[in-house]
Amino acid sequence: MKFNSQYRRGKWDKLGGEKESVRYEQIDAYLHRFKPASIMDLGCGDGVLNRRMTYDGFDSFLGVDYAEVSVNMAKKQGYPKATFETHDLLDFTPKDNYDAIILNEAFYYIHDSERTRVLNNILSGLNDNGILIVSIFREGATCWEYFKENPKLKEEAFDVVHSKLDDTYWKLGAYSKT
Ligand SMILES: C[S@@+](CC[C@H](N)C(=O)[O-])C[C@H]1O[C@@H](n2cnc3c(N)ncnc32)[C@H](O)[C@@H]1O
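Residues numbered from 1 in each chain as written. Predicted model: local features only at pLDDT ≥ 70, side-chain atom pairs only at ≥ 80, totals over all residues. Heavy atoms only, no water.

Regarding its fold elements, the protein chain presents 6 helices and 7 strands. Starting at the N terminus, the α and β elements of the protein chain follow one another as α-α-β-α-β-α-β-β-α-β-α-β-β. For 178 residues, the compact-globule estimate of 2.2 N^0.38 gives 16 Å, and the protein chain sits close to it at 15 Å. Dimensions along the principal axes, computed over C-alpha positions, put the protein chain at roughly 40 × 40 × 35 Å. Classification of the 178 residues of the protein chain by burial places 52% in the buried group. Considering only contacts in the protein chain between residues 6 or more positions apart, those separated by 24 or more positions represent 65%. Accessible surface, the protein chain as shown: approximately 8500 Å² in total, 48% of it carbon and sulfur. When the 24 positive and 28 negative side-chain charges of the protein chain are each reduced to one mean point, those points stand 3 Å apart. (Helix = DSSP H or I, 4+ residues; strand = E, 2+ residues; numbered from the N terminus. Rg over C-alpha atoms; globule rule 2.2 N^0.38 Å. Buried < 20%, exposed > 50% of the residue type's maximum accessible area, 1.4 Å probe, protein only. Contact = heavy atoms within 4.5 Å. Areas by Shrake-Rupley, 256 points an atom, 1.4 Å probe, with all protein chains shown as cover. Lys, Arg positive; Asp, Glu negative; His and termini not counted. Charge placed at Lys NZ, Arg CZ, Asp CG, Glu CD.)

With that settled, consider the packing of aromatic side chains. Summed over all chains, the structure comprises 15 aromatic pairs. Through a chain of ring-to-ring contacts, three or more aromatic side chains come together here, namely Phe3, Tyr7, Trp12, Tyr66, Tyr108 and Tyr109. Across the ring face of Trp12, the terminal group of Lys11 is positioned such that the distance to the ring centre comes to 5.0 Å. Positioned over the ring face of Trp12 is Lys14, at 5.2 Å from the centre of the ring. (Phe/Tyr/Trp six-rings, centres within 6.5 Å; stacked < 30°, edge-to-face > 60°. Lys NZ or Arg CZ within 6 Å of the ring centre and 35° of its normal.)

Attention now moves to the pairing of strand E4 (residues 98-104). The buried fraction of E4 is high, at 7 of 7 residues. Looking at chain direction, strand E1 (residues 38-42) and E4 are connected through 4 bridges and run parallel. In the sheet register, Leu42 faces E4, and the bridge partner there is Leu103. Both E4 and strand E5 (residues 126-137) contribute to a ladder of 6 bridges, which runs parallel. Bridging across to E5, Ala100 finds its partner in Ile131. Taken together, E4, helix H5 (residues 115-123) and E5 constitute a β-α-β crossover, and its handedness is right-handed. (Pairing = 2+ DSSP bridges. Right-handed = clockwise from strand over helix to strand, strands pointing away.)

And the structure:
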């Protein structure tokens, strides 16, 4: 699987650099605003969010990724209150419910034909008063409609953040359940 060899080669080390810091900062700001006690990060990679977030008001954090190389890298870091599991989002149904579910640069890897089904599975694990946090690189064509036009979701926040180093930008949204 390509992500395993990419993590082995260090292709994703760049996510820890300054260029992408703004999107993690925005997610961190949402976490401070919504104060979740339980967090699930889907497509968590090697745990860059854990490394970068300053929000500490949670009791549990589950990171999920289908690249077991990245999951093993995350496990080795010993991030506080965090566990990591290997699952493919295509056939993943959360076993527990969470106050915050994060899709940080992961949703666009799901094929268009699978997005509604996968998102519904994900939302089955969101508490009624929970928050879904989404980050998508640049315009996110054919992605945002799954959140913005979803009758099951209400947009609580939407932000565009610009890289401090170049003209890259990301859009981020936070959604509650209707
Ligand atoms: C661009 S990286 C983002 C990593 C991390 N969320 C971050 O922003 O630091 C995308 C991640 O999504 C994961 N991913 C892609 N498709 C996936 C799937 N179907 N199931 C689980 N993880 C997936 C990849 O393995 C990779 O770690």
